[in-house]
Amino acid sequence: MGREKTFDGVFLAVAKRQSVRKAALELEVTPGAISQALQKLERRLGVPLFYRTTRRIALTEAGEALLAKIAPAAQLIETSLGDAVQSSNEPSGTLNSSSSASHCPMS
C-alpha cells in the first residue's frame, strides 16, 4: 500500500469518510486494496464492521464500538507524531561560542 498504513488506519479512514473510494484516495491505494484490508480485519475480528451496498457504506454496531474505542488512541498517536516532527525542526541543546580577543574590539 502507498504510504504504510495498518488495517486500523484503513478502518479509520473508511469510517471517517464513509466511502471506500475516498479512503483509497486519502491513503493513496486502490479501492480494492481498501476492501481487502477491511475484509481481512473483519475476518480477524469475526464480526462485520460495515454494512455495504453498491452505493453506500455505514458502520455496524460493532464498527461503531470499535471506532469509539480506537479513535481517541489514533488521535493521540497523530498528535504525538506531529509533536515529534515539530520538535525535530526546532533547535535544541547547548550553544557554545568562543572568540579570541583580537576579534572583539574593546571600547
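Below you will find a few notes about this structure.

Criteria and thresholds
Residues numbered from 1 in each chain as written. Predicted model: local features only at pLDDT ≥ 70, side-chain atom pairs only at ≥ 80, totals over all residues. Heavy atoms only, no water. Helix = DSSP H or I, 4+ residues; strand = E, 2+ residues; numbered from the N terminus. Contact = heavy atoms within 4.5 Å. Areas by Shrake-Rupley, 256 points an atom, 1.4 Å probe, with all protein chains shown as cover. Salt bridge = Lys/Arg side-chain N within 4 Å of Asp/Glu carboxyl O. Buried < 20%, exposed > 50% of the residue type's maximum accessible area, 1.4 Å probe, protein only. Polar contact = N/O pair within 3.5 Å; in protein donor to acceptor, adjacent residues only side chain to side chain. Core = buried A, V, L, I, M, F, W, Y, C linked by side-chain atoms within 4.5 Å.

## Things to note about the overall build of the protein
When you go through the protein residue by residue, the secondary structure sums to 4 helices and 2 strands. In the protein, the succession of α and β elements from N to C terminus is α-α-α-β-β-α. Residue pairs at least 24 apart in sequence account for 44% of intrachain contacts in the protein once pairs closer than 6 positions are excluded. For the protein, the accessible surface area stands at approximately 8200 Å², while carbon and sulfur atoms represent 55% of it.

## A look at the pattern of salt bridges
What the rule picks out here adds up to 3 salt bridges. A salt bridge links E26 to K16; its shortest N-O distance comes to 3.7 Å. Of the two residues, E26 sits in helix α2 (residues 20–27) while K16 sits in helix α1 (residues 7–17), which places them 10 residues apart along the sequence. R17 is the salt-bridge partner of E26, the closest N and O atoms lying 2.9 Å from each other. Judged by relative accessible area, R17 falls into the partly exposed class, the value being 37%. By sharing partners, the salt bridges in this structure join K16, R17 and E26 into a single network.

## Focus: the side chain of E42
Relative to the elements of secondary structure, E42 occurs in helix α3 (residues 31–45). Within the local environment of E42, its side chain forms a polar contact with the backbone nitrogen of F50, the two atoms lying 3.3 Å apart. A polar side-chain atom of E42 sits 3.0 Å from a polar atom in the side chain of R52. Ignoring any residue separated from it by four or fewer positions in sequence, one finds E42 in contact with V47, P48, L49, F50 and R52.

## Focus on the nonpolar core
Core analysis: the biggest nonpolar cluster contains 19 residues, and V10, V14, I34, L38 and F50 have the highest contact counts within it. Looking at this core, the elements that each hand over two or more residues are α1, α2, α3 and β2 (57–59).

## A word on unusual backbone geometry
At Q18, a position not held by glycine, the phi torsion is positive, near 55 degrees. Inspection of the secondary structure assignment puts Q18 in the loop between α1 and α2. Even without a glycine there, the phi angle at E28 is positive, about 60 degrees. Secondary-structure assignment places E28 in the loop between α2 and α3. Taking the relative accessible area as the measure of exposure, E28 reaches 52% and is therefore exposed.

Read these as spatial facts, not as claims about activity.
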